Amino acid sequence: DQQVKQNSPSLSVQEGRISILNCDYTNSMFDYFLWYKKYPAEGPTFLISISSIKDKNEDGRFTVFLNKSAKHLSLHIVPSQPGDSAVYFCAASDDTGFQKLVFGTGTRLLVSP
Amino acid sequence: DAGVTQSPTHLIKTRGQQVTLRCSPKSGHDTVSWYQQALGQGPQFIFQYYEEEERQRGNFPDRFSGHQFPNYSSELNVNALLLGDSALYLCASSPLPTSGQETQYFGPGTRLLVL
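Remember, it's a predicted structure, so these values are computed and weren't measured experimentally.

Rules of the game
Residues numbered from 1 in each chain as written. Chains lettered and ligands numbered in written order. Predicted model: local features only at pLDDT ≥ 70, side-chain atom pairs only at ≥ 80, totals over all residues. Heavy atoms only, no water. Helix = DSSP H or I, 4+ residues; strand = E, 2+ residues; numbered from the N terminus. Rg over C-alpha atoms; globule rule 2.2 N^0.38 Å. Buried < 20%, exposed > 50% of the residue type's maximum accessible area, 1.4 Å probe, protein only. Areas by Shrake-Rupley, 256 points an atom, 1.4 Å probe, with all protein chains shown as cover. Lys, Arg positive; Asp, Glu negative; His and termini not counted. Charge placed at Lys NZ, Arg CZ, Asp CG, Glu CD. Salt bridge = Lys/Arg side-chain N within 4 Å of Asp/Glu carboxyl O. Pairing = 2+ DSSP bridges. Axes fitted to C-alpha atoms, helices over the stretch in contact; angles between N-to-C directions. Phe/Tyr/Trp six-rings, centres within 6.5 Å; stacked < 30°, edge-to-face > 60°.

Let's shift gears to the overall build of chain B. The secondary structure content of chain B amounts to 0 helices and 11 strands. Starting at the N terminus and ending at the C terminus, chain B contains elements arranged as β-β-β-β-β-β-β-β-β-β-β. A compact globule built from 115 residues should have a C-alpha radius of gyration of about 13 Å, and chain B, at 13 Å, falls within 12% of that. Taking all 115 residues of chain B together, the buried fraction comes to 50%. As displayed, chain B offers around 5,400 Å² of accessible surface, 50% of which is attributable to carbon and sulfur atoms. In chain B, 8 positive and 10 negative side-chain charges are present, and the distance between their average locations comes to 12 Å.

Here the focus is the pattern of salt bridges. Residue and element names in this part refer to chain B. The final tally for this structure, using the stated rule, is 4 salt bridges over all chains. Note that E75 is salt-bridged to R22, the shortest N-O span being 3.4 Å. Taken together, the residues span a long stretch of sequence, with E75 in strand β8 (residues 74-78) and R22 in strand β3 (residues 19-24) at a distance of 53 residues.

This next bit is on the sheet that holds β8(B). Residues and elements named next belong to chain B. With antiparallel pairing, the 4 strands of this open sheet are ordered in space as β1-β3-β8-β7. In this open sheet, the two edge strands, each paired with only one partner strand, are β1 (5-7) and β7 (64-68). Ignoring which end each strand starts from, the neighbouring axes of this sheet average 20° apart. The pairing of β7 with β8 spans 5 bridges and is classified as antiparallel. Within β8, the residue paired with Q68 across the bridge is S74.

For the rest of this paragraph, the subject is the packing of aromatic side chains. Applying the stated criterion across every chain, the model contains 13 aromatic pairs over all chains. On the basis of an interplanar angle of 70° and a centroid distance of 6.1 Å, the ring pair of F46(A) and Y105(B) is categorised as edge-to-face. Taken as a pair, F46(A) in strand β5 (residues 45-51) and Y105(B) in strand β10 (residues 105-106) lie in two separate chains rather than in one. Exposure remark for F46(A): the relative accessible area of 23% places this residue in the partly exposed category. The rings of Y36(A), F46(A), F89(A), F103(A), Y35(B), F45(B), Y105(B) and F106(B) are connected pair by pair, giving a single aromatic cluster.

The structure is reproduced here in structure tokens:
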């Protein structure tokens, strides 16, 4: 039972354009969502998060949007840079306070010059 | 400021053996979580330690056990290794849990290969 789904295994974007990565979830108890970026041979690096009480959070080139009614979130990267090429994971935790993260399967982003 | 560190970086074991992986949390963090990432998958939660106690456990058998030391570092032990245990094992640390929305920071992982 995949509670967090990233249906696009890969995404290719040109440098300078917008990258949009999507994530869907099924568990209505999830109240905190995070995006991590992972390069090969490294651990996931935290990018940005959003609480369920918000519908948008912005940090520099990265913006996360949350649509609770649709159980959908997205990560926008503007403008995309070649160094953004990595695997992006969406993760969620529920309101039990235990910080157990449930991850999607990841989307590989390739930003070409 | 040292981030999360893990050792060893790589490990090769044979079926039936036992393995111990180690993690030191980021400075100021006292909660440690372990995840298993199989090839092509997202990380899966194994368990979490806080104040030297296991707080929560994912869907992993008892062959997976852990420990947290007074200095907050942690070990993951896997007994009776199976081929399917081959994966990247990630340690994540976070500050004192209050809201449940503390961000977890990951180490580089230990890649385990079971032959």
